[in-house]
Amino acid sequence: QALENLELPERQGYFRDQFLIGCYSGQRHSDYSRFNKKYIDGNKIVIRAKKTGQFSYIPLNPRLKRLLDKYDWILPTINLTNFNIHIHAFCKAAGFNEVIVRDKFYGNKKITEEIPRYKLIASHTARRTFITLSEEKGVPASATMNVCGIKDIKTYQNYIANILI
């Protein structure tokens, strides 16, 4: 909600919209960047994932449809590194600034880091957000897996176990 309501310059707004398309569809950037009207089947998008070859059956909810219509279903390809830089900028502007403390291990050496939350958010966080919100709303795992094109319950459980936002 904070990202939806955030006033941004047009260029940053475009990157924010792309991130939200990922949040609303549960897809990887490599898949939702390929969305176009030929994938519409009734009130859903049916697309095969580039990475896994699995089909996803994505409900065309009003928020997702509004954003895709805004760009006439044509999302120009963007460099993921550049995308992630923009994600950090608009997430910082949205107030995702609380400090997260995390431990990293290099062999047996433990390093404790303090990182602002916005620096932990990247393109794949959109997919994680979709799965997290679905879980919080009580959507059955099988339904979320069908939308996301996840076939293995262990893969799904890894998303739930590693929630970042």
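The notes below deal with the structure included here. (Residues numbered from 1 in each chain as written. Predicted model: local features only at pLDDT ≥ 70, side-chain atom pairs only at ≥ 80, totals over all residues. Heavy atoms only, no water.)

**Quick look at the environment of H124**
Residue placement: H124 occurs in the loop between β5 (109-116) and α6 (125-136). For the pair formed by H124 and H29, sequence separation is 95 residues and the distance between their alpha carbons is 7.2 Å. Here H124 is in contact with R28 and Y159, once residues within four sequence places are set aside. (Helix = DSSP H or I, 4+ residues; strand = E, 2+ residues; numbered from the N terminus. Contact = heavy atoms within 4.5 Å.)

**Things to note about the sheet that holds strand β3 (residues 55-59)**
Reading across from one edge, β1-β2-β3 is the order of the three strands in this open sheet, with antiparallel pairing throughout. One side of each edge strand has no neighbouring strand; the edge strands of this open sheet are β1 (40-41) and β3. Inspection of the sheet shows strand β2 (residues 44-48) paired to β3 by five bridges, in the antiparallel sense. Opposite R48, over in β3, you have F55 as the bridge partner. (Pairing = 2+ DSSP bridges.)

**Considerations on the pattern of salt bridges**
A full pass over the atoms with the stated rule returns ten salt bridges. In this structure, the salt-bridge partner of E4 is R63, at a minimum N-O distance of 3.3 Å. Here E4, found in helix α1 (residues 2-5), pairs with R63, found in helix α4 (residues 62-70); they are 59 residues apart in sequence, far enough to count as distant. In this structure R63 comes out as partly exposed when scored by relative accessible area, which is 40%. (Salt bridge = Lys/Arg side-chain N within 4 Å of Asp/Glu carboxyl O. Buried < 20%, exposed > 50% of the residue type's maximum accessible area, 1.4 Å probe, protein only.)

**Re the packing of helix α2 (residues 10-25) against α6**
It is at 7 Å that the axes of α2 and α6 come closest, and there the two elements cross at 35 degrees. The two elements α2 and α6 cross, and the hand of that crossing is right-handed. Residue-level inspection shows F19, G22, C23, Y24 and S25 of α2 in contact with α6, the latter providing T125, A126, R127, T129 and F130. When grouped by side-chain class, the residues that make up the contact of α2 with α6 number five nonpolar, four polar and one charged. (Axes fitted to C-alpha atoms, helices over the stretch in contact; angles between N-to-C directions. Left-handed = near helix turned anticlockwise from the far one by under 90°. Nonpolar A, V, L, I, M, F, W, Y, C, P; charged D, E, K, R; others polar.)

**Topic: the environment of K104**
One can find K104 in strand β4 (residues 99-106). Judged by relative accessible area, K104 falls into the partly exposed class, the value being 30%.

**What to know about α4**
Within the sequence span of α4, burial applies to L64, L67 and L68. Seen from one end, α4 has its buried residues packed into an arc of 95 degrees, which puts them on one side. Of the exposed residues in α4, those oriented more than 90 degrees away from the buried face are P62 and K70. For α4, the elements touching its buried residues are α2, β2 and β3. Structurally, the start of α4 carries an N-cap: the backbone nitrogen of R63 is 3.1 Å from a side-chain oxygen of N61. Positive phi appears at D72, one or two residues downstream of α4, with a value of about 50 degrees. (Arc of directions from axis to C-beta. Polar contact = N/O pair within 3.5 Å; in protein donor to acceptor, adjacent residues only side chain to side chain.)

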